[in-house]
Amino acid sequence: MSENNQSPVERIKKASDGLRGTIEESLQNEITGAISDDDQAVVKFHGMYQQDDRDRRDERAAKKLDRLYSYMIRLRLPGGFLTPEQWVATHDIAGEKSTGVIKITTRQTLQLHGIIKSDIRPTIQAFSAAKLDSIATCGDINRNVACTSHPKESPIHEQVFEYADKISTMLMPKTRAYYEIWLGEEKIVDKKDEEDPLYEDRYLPRKFKIGIAIPPNNDVDVLTNDLGLIAIIENDKLIGFNIAVGGGLSTTHGNPDTYARLATVIGFVDTEEKTLKAVYEVLTVQRDFGNRSDRKLARLKYTVDKMGVEGFRAELESRIGFRMEDPRPYKFTARKDRFGWEKNHEGLWYFTVMVENGRVLDDEKTSLKTALLEVAKTGKSHFRFTSNQNLILSEVKEEDKAEVHAILEKFGVIKAMDESTKVRQNAMACVALPTCPLALAEGQRYLPKLISLIEPIITKYKLDAEDIIIRMTGCPNGCGRPYAAEIGFVGTAPGRYNLHIGGDNEGTRLNKIFKESLDETSILNELDGLFASFKKEKKKGETFGDFSMRKNWV
Amino acid sequence: MLAGPKLQTLLQLVKLASKEELIWINGYISGLISQDDASNATVSADAGSGKAIAGKLTIAYGTETGNSKKLAVEFAGKAKKAGINAKLVSLDQYRLNDLPKEEYFLAVISTQGEGEPPAAAKRFYDHVHQNGFKLEKMKFGVLALGDTSYPLYCKAGEDVDTQLQRLGGERIIDLQRCDVDYEEDAENWFTNFLARLNSQGGGSQSAAVTVAPAKKATGKKVYAGTVLSNINLNDRGSSKETYHIEIGADGVEYKPGDSIGILPYNHLPITEAILSLTGIDREKSLEHRTGNHSVVNLLHKKLNIAYLPERVVKQYAGIVKQDIPETKIGLLDLLKIYPVQDSQQFEEVISILEPITPRLYSISSSPEAHSGEVHITVAKDFFTINEELKYGLCSEHLAMLPVDSEIEFYVHKNNEFRLPAEDKDVIMIGPGTGIAPFRSFLAERDSIGAGGRNWLFFGEQHFASDFLYQTELQNWVETGVLTKLNVAFSRDQKQKIYVQNKMQANGAEFYSWLEGGAYIYICGKKEPMSFDVENTIINIIKESGGKTEEQAKQYLSNMKEQGRYLRDVY
Ligand code: SRM
Ligand SMILES: Cc1cc2nc3c(=O)[nH]c(=O)nc-3n(C[C@H](O)[C@H](O)[C@H](O)COP(=O)(O)OP(=O)(O)OC[C@H]3O[C@@H](n4cnc5c(N)ncnc54)[C@H](O)[C@@H]3O)c2cc1C
Ligand SMILES: Cc1cc2nc3c(=O)[nH]c(=O)nc-3n(C[C@H](O)[C@H](O)[C@H](O)COP(=O)(O)O)c2cc1C
Ligand code: SF4
């Protein structure tokens, strides 16, 4: 591929001097809250995005004020785990430096929003003091590695979970830029020390996501990842992983070349060494074969389809130096969080807290944020995050359970969960407005309200016991994985959404577009009609997604 | 060519004369030769007295906005023409030790603030209020510039006039007070002064020179403008409100550096409350030094009732014959606590009330860039009385002005705050509303394509909410009009950061601009900002220029003299 038609980001990466760019100068520029355009691309690799409060743009422009720029920082938490001390630290940092809301993402990590430029460094330093970093949680590089979250899923959960950290560490960039710029580490003298055989100076053509699932629960939506690892367990022993490549959800309105795709399972590997080798080389194939001129077509899914699944497998095997075995059978039967108390095989307790759209904050009804802080302060619970934007208070000892429960009770968390409906518990929405620059419509700010309008319809048709999965995003990028939902809302314009239906409950079949650009009234009308026939005609045990397909609605 | 007694006289004169006198004679004679016939007569008639005071007339001026200086320069020119070698000096450069040696001394001085001398005359003003020296030789005259809209009209000039006499000086011409249309009165006064010199030949009988009384009507040109837009520049969450007000006014004439003056009206409910409390006939026409007006008009639009100064309170106490502590207070409160006997007594009170003072606002537009418009940048003034939040009279009124409303204003010229030649470098220090004239400067320099470099220091409390004119300034940085822009936001971090800290941090470069001939402009709060900034400049000169404190001060003083250190502070 000629260098000329490479996308501008390719030039920026190469010229960035190991992801340093001109960040230093940008930070020093005191007349704007922004950083230079090029640096905006570079800081992503350090786990942050420049954003601005889109609600305030017009008003500020009239006041001759620049946009209200701030930064979102996303932590690297392979598998989504924090100690109670780290939660307290995060709580404090959120209060001091950001909007105060701690956002649990759809990839099991945490985001803080609204950090102003001069606070980035102190924020990262405070995280660092708590042994947390945000390296490579954004950018054209391997992102936060997701892993089935609930230790109750399997006695060998811990063993699988450790892969998330191993893979994350293996795929970190070699540059010391993050430490130099944000943590004041002395500048590296010999650039050879940071030579990067994996990413070289061009990194990947696009973001890269890895997820690890422990069947039968597909809570991580493993097939929506560029690279999915499905743990194969026999007699409570991990015997290896099925390797799935080419998942990815994003589409672009009006660009027929883009599509959502579930990963294709291409083989099985047994040992840890082989697994890590395969993972590593999937990245090098994508590095060398991925599209570097059109970022819309640069994800691994397009590379796989361009090479053909067989072609991809052949290239991969030539790089890993062994043939993968044929995929082992596995079955997903669910894709959800186990709310409330659960005990694992060791007798430790786990409480999954429902966090609506992953937003940890105190509101009039529930003091969730305070409750979690109180729990963390006892030091008697770890914190895990789920790919459904929920939180698990984990590894609570039998004797501490009552204390933790009392705190949740005291601050209204139990009550809120008891009162919430299944459809709300299963739902999720992306961030969207006001921070996401790509949002076309509302996401997490609107879904709770819409659900309140959908709930009466569900009750009307007595469908309250159904586990219907609704997901919403503010644009077709699909951050809330709406394409893998039974009912997906994909924003097209303010107040308007495409309605997708027909995905299955386990995340192994994508949905399809049913109606375009509906407003709220039409959404409710359509759903009323669909639920009416679902109630009337559903077979026993049939899910809404399967029913939609059987009816050939899409 | 010369014969007999003439030659004798000349030689004798030459023999007795000092070198300086010879030089003067030389100049005098060549001046004589160049005179035309018409003036020849006067000059030769004057020659005797001119010779008598040769080299001994000092014309000293104390100015804030350049009017006094302009007159003093004119006078010096005329004196020269009249054969008098007048020494022209700004009062801040004046050597106080020279005062007892002065023979003929004219002071042209304006009044600022609340009856205060201009900053540049402060030292002199304080000095003449002291004792311990005598002005035995001095024959003096004072020309006082002021504005009848202010309660303490020409106060500084009056004080200087009184003090010079107290110190033993001889007043050879009565104090002349001048309103804003000072030209004619000033010219007459100086002509009278010259005549007095001649008729006296240095003597001291007081001739009957009539001094014109201060005229009633002010000569201000009042414009009727229309508000085109009015926006609060501060974002939500700010503790400040700063309004950018664009006023359309056809034919308005001003230069960057000028301000506009606005006379606010009193709050009508307060006026009404006073009327009903005192029971005075609202329509009764009263004679007042501001003119003849109905009572309601006086109380609503003409007189300061909002916050009476101590001196007025004192007079009030005299009228109502009560013991009232010396404090500032609003008229309504005063009337409630210490009521007047009847409406008759209240009329007496009205007669001691002072006019509402005009409020000045630096113009933030440029005639080149915003033709037919005047922009101002108004901080809504707030304060608390008994924990109740109150707003300043004029700024609150302006803050609430809706689009399309009418607004009357006059242009207050400031000739001491002008842009230099196009190719000169300019350093502007303007935190808060001090940014206003610099927006004008930058728009002007941008429009005319001035080649000199521009460096602005701006400061406020918070970056996110208080960066006044942020996008405009960013554009000027991008287009290169602003060579450098440094900002200081005091409350965005634990330790306070102000403009002077940013100047200090850029000290070496700051000094190199000064060495390259840059002009410094300061606008905004007099206290403490302008003093802190000045100290920082001296410090920078000291450190970066490797100078002693004394040398640094001298350096700045030289800049002042060259007109390269200019301030408009309030
Ligand atoms: C926080 C999160 C949504 C949430 O509410 O939880 C999120 C938020 C954003 N995503 Fe995402 N994405 C998030 C999971 C996803 C997922 C779901 C997943 O990975 O399981 C997807 C679809 C799967 C996929 O990648 O195909 C997803 C596909 C995208 C895309 C489209 C990528 C593409 O292939 O075209 C973009 C836009 C882009 O990269 O150009 C994007 C971009 C963004 C940005 C950073 C917008 C931007 O580029 O400026 C959003 C920040 C909004 C904000 O203010 O916080 N995000 N994003 C999720 C963070 C995950 C994490 O911790 O790393
Ligand atoms: C050369 C010059 C240029 C200027 N340029 C600008 C400019 O560009 N922008 C700008 O915003 N301002 C500027 N000013 C200041 C401006 O002229 C006014 O002084 C300012 O707006 C306050 O006027 P006001 O009528 O709103 O407040 P006022 O009513 O005059 O009140 C002023 C203060 O008096 C006290 N006070 C008043 N009433 C009471 C009361 N009843 N009880 C107790 N205390 C009281 C309070 O301390 C109050 O803060 C400039 C001033 C000068 C001299
Ligand atoms: C802030 C300010 C305060 C003033 N206060 C008074 C005053 O108290 N009494 C007065 O007679 N004139 C006052 N004036 C009017 C000036 O004395 C008048 O404009 C004069 O022409 C200025 O002369 P200058 O340019 O030499 O300083 C004030 C002017 C300003 C700008
Ligand atoms: S789906 Fe679109 S709107 Fe929502 S967070 Fe992702 S990029 Fe933003």
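Below is a summary of the structure that appears in this document.

The rules behind the values
- Residues numbered from 1 in each chain as written.
- Chains lettered and ligands numbered in written order.
- Predicted model: local features only at pLDDT ≥ 70, side-chain atom pairs only at ≥ 80, totals over all residues.
- Heavy atoms only, no water.
- Buried < 20%, exposed > 50% of the residue type's maximum accessible area, 1.4 Å probe, protein only.
- Helix = DSSP H or I, 4+ residues; strand = E, 2+ residues; numbered from the N terminus.
- Donors = N, O, S within 2.8 Å, 3.2 Å for Na, K, Ca; no water.
- Pairing = 2+ DSSP bridges.
- Axes fitted to C-alpha atoms, helices over the stretch in contact; angles between N-to-C directions.
- Left-handed = near helix turned anticlockwise from the far one by under 90°.
- Contact = heavy atoms within 4.5 Å.
- Nonpolar A, V, L, I, M, F, W, Y, C, P; charged D, E, K, R; others polar.
- Near = heavy atom within 4 Å.
- Polar contact = N/O pair within 3.5 Å; in protein donor to acceptor, adjacent residues only side chain to side chain.
- Areas by Shrake-Rupley, 256 points an atom, 1.4 Å probe, with all protein chains shown as cover.

### Quick word on helix H12 (residues 368–378) of chain A
Then, in step 1: The set of residues buried in H12(A) consists of Leu368(A), Lys369(A), Ala371(A), Leu372(A), Leu373(A), Val375(A) and Ala376(A).
Then, in step 2: Positive phi shows up at Gly379(A), right after H12(A), with a value of about 70°.

### Overview of the coordination of the iron atom of ligand 1
Ideal geometry at a metal gives 109.5 degrees between four tetrahedral donors and either 90 or 180 degrees between six octahedral ones.
Then, in step 1: There is one protein donor for the iron atom of ligand 1, namely Cys479(A) (SG), at 2.2 Å.
Then, in step 2: Within the secondary structure, Cys479(A) is located in the loop between strand S17 (470–473) and strand S18 (487–493).

### Observations regarding the sheet that holds strand S7 (residues 222–232) of chain B
Residue and element names in this part refer to chain B.
Then, in step 1: Spatial strand order, S12-S9-S16-S7-S8-S13: 6 strands in an open sheet with antiparallel pairing. At either end of the open sheet lies a strand with only one pairing partner, and these are strand S12 (359–362) and strand S13 (373–379). This sheet shows a mean twist of 40° between the axes of neighbouring strands, independent of strand direction.
Then, in step 2: Looking at chain direction, strand S9 (residues 259–262) and strand S16 (residues 406–412) are connected through 3 bridges and run antiparallel. The partner of Ser259 across the bridge, within S16, is His412.

### What about the packing of helix H8 (residues 268–278) of chain B against helix H9 (residues 295–302) of chain B?
All names here are of chain B.
Then, in step 1: Orientation of H8 relative to H9, taken along the N-to-C sense of each, is 145°, at an axis distance of 9 Å. In this structure, the crossing between H8 and H9 has a hand that is right-handed. For the pair formed by H8 and H9, the contact residues are Leu268, Thr271, Ile274 and Leu275 on the first element and Val295, Val296, Leu299 and His300 on the second.
Then, in step 2: Among the residues making up the contact of H8 with H9, the classes are represented as 6 nonpolar, 2 polar and no charged.

### Quick notes on the site of ligand 2
Residue and element names in this part refer to chain B.
Then, in step 1: Around ligand 2 sit 19 residues in total, of which Arg359, Leu360, Tyr361, Asp381 and Ser395 are the nearest.
Then, in step 2: Here an oxygen atom of ligand 2 and a backbone polar atom of Leu360 are 2.6 Å apart.
Then, in step 3: Ser395 is positioned such that a nitrogen or oxygen atom in its side chain is 2.5 Å from an oxygen atom of ligand 2.
Then, in step 4: Considering ligand 2 on its own, with 970 Å² of exposed area, one finds that the protein chains cover 74% of that surface.
Then, in step 5: Only S12, S13, strand S14 (382–385) and helix H13 (393–400) provide two or more residues apiece to the shell around ligand 2.
Then, in step 6: At 4 residues, S12 tops the list of elements feeding residues into the shell around ligand 2.
Then, in step 7: The residue inventory of the shell around ligand 2, partitioned by class, reads 11 nonpolar, 5 polar and 3 charged.

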